[in-house]
Amino acid sequence: MSCASAPLFQRYARLGMVEALPDGRVRLSVVLDAHDADCGTANCYFTTVKALFRFSADGGCRVQDVDVWSQDENHCNVKDQPQEPPSEPHQAVFIPKGAANLSDPKLTKLTLRTRKADRAFVIIKENLFYFEAVKAGAPLHTTLPSGEEGEPECCWGAAIANSHFYPLYEQDAK
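What you see is a predicted model; the values in this text were computed from it and never measured.

Asks: Sorry, what's going on with the side chain of serine 70 here?
Replies: By the element assignment, serine 70 lies in strand β4 (residues 63-74). A polar atom in the side chain of serine 70 sits 3.0 Å from the side chain of tyrosine 130. For serine 70, the contacting residues outside a window of four places in its chain are Thr47, Thr48, Val49, Glu88, Pro89, His90, Arg119, Tyr130 and Glu132.

Structural data, given as structure tokens:
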């Protein structure tokens, strides 16, 4: 089995976000809706993320590390206002935390962090999240805040906007 067709990647592969490379690596390319301060409200600021997965030498789909490149972009195009240039790209190597065998059909979540633990990348079957400026050991929230008092603020990351999945939702409904 090619690691690009792993169960965790299936939804992304159907949308053309996953690419199997000739050397056995896999590239995942996504555009994330950057919603931080607005707690999930879609806006026109996006983060482009490209993740290059390298696997252990045993020939399986056990993630060794992931080279992640990200860049923030403004797609607001407000009339009579200058377009903000994209941010400087960030590149870092992420390593898996916990289970990381993509060929395991029971794997429903893959959590990756940089060695400094200041960035994180979480992939679940329904969505994925990219976190910047994370405190080491901070919880990584993959749902929106509930508004409960005393709820920790760190860390909600940029996620794929639901609009990116509409064609899939329509297909799933059939």
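Text resumes after the structure shown.
Asks: Would you mind showing me how to read the packing of aromatic side chains here?
Replies: Centre-to-centre distance and the angle between the planes together describe a pair of aromatic rings. Tallying each qualifying case throughout the model produces five aromatic pairs. Summarising the aromatic geometry, the rings of phenylalanine 9 and phenylalanine 53 are spaced 5.2 Å apart at their centres and angled 75° between planes, so their arrangement reads as edge-to-face. One end of the pair, phenylalanine 9, is in the segment before α1 (10-14); the other, phenylalanine 53, is in strand β3 (residues 45-55), and 44 residues separate them in sequence. On the accessibility criterion, phenylalanine 9 (0% relative accessible area) is buried. Taking the centre distance of 6.3 Å and the plane angle of 45° together, the rings of phenylalanine 94 and tyrosine 130 count as tilted. Taken as a pair, phenylalanine 94 in strand β5 (residues 90-97) and tyrosine 130 in strand β8 (residues 128-131) lie far apart in primary sequence, 36 residues in all. Through pairs of rings, three or more aromatic residues link up here, namely Phe9, Phe53 and Phe55.

Asks: Is there a simple way to think about the pattern of salt bridges in this case?
Replies: Think of it this way: side chains of opposite charge can pair up when their charged atoms draw near. Inspection of the entire model under this criterion finds four salt bridges. Across the salt bridge formed by glutamate 19 and arginine 27, the nearest N and O atoms sit 3.2 Å from each other. Taking the relative accessible area as the measure of exposure, glutamate 19 reaches 38% and is therefore partly exposed. Salt-bridge contacts for arginine 54 lead to aspartate 65; the nearest nitrogen and oxygen are separated by 2.8 Å. Of this pair, arginine 54 sits in strand β3 while aspartate 65 sits in strand β4, and the two are 11 residues apart along the sequence.

So, how was this worked out
Residues numbered from 1 in each chain as written. Predicted model: local features only at pLDDT ≥ 70, side-chain atom pairs only at ≥ 80, totals over all residues. Heavy atoms only, no water. Helix = DSSP H or I, 4+ residues; strand = E, 2+ residues; numbered from the N terminus. Polar contact = N/O pair within 3.5 Å; in protein donor to acceptor, adjacent residues only side chain to side chain. Contact = heavy atoms within 4.5 Å. Phe/Tyr/Trp six-rings, centres within 6.5 Å; stacked < 30°, edge-to-face > 60°. Buried < 20%, exposed > 50% of the residue type's maximum accessible area, 1.4 Å probe, protein only. Salt bridge = Lys/Arg side-chain N within 4 Å of Asp/Glu carboxyl O.

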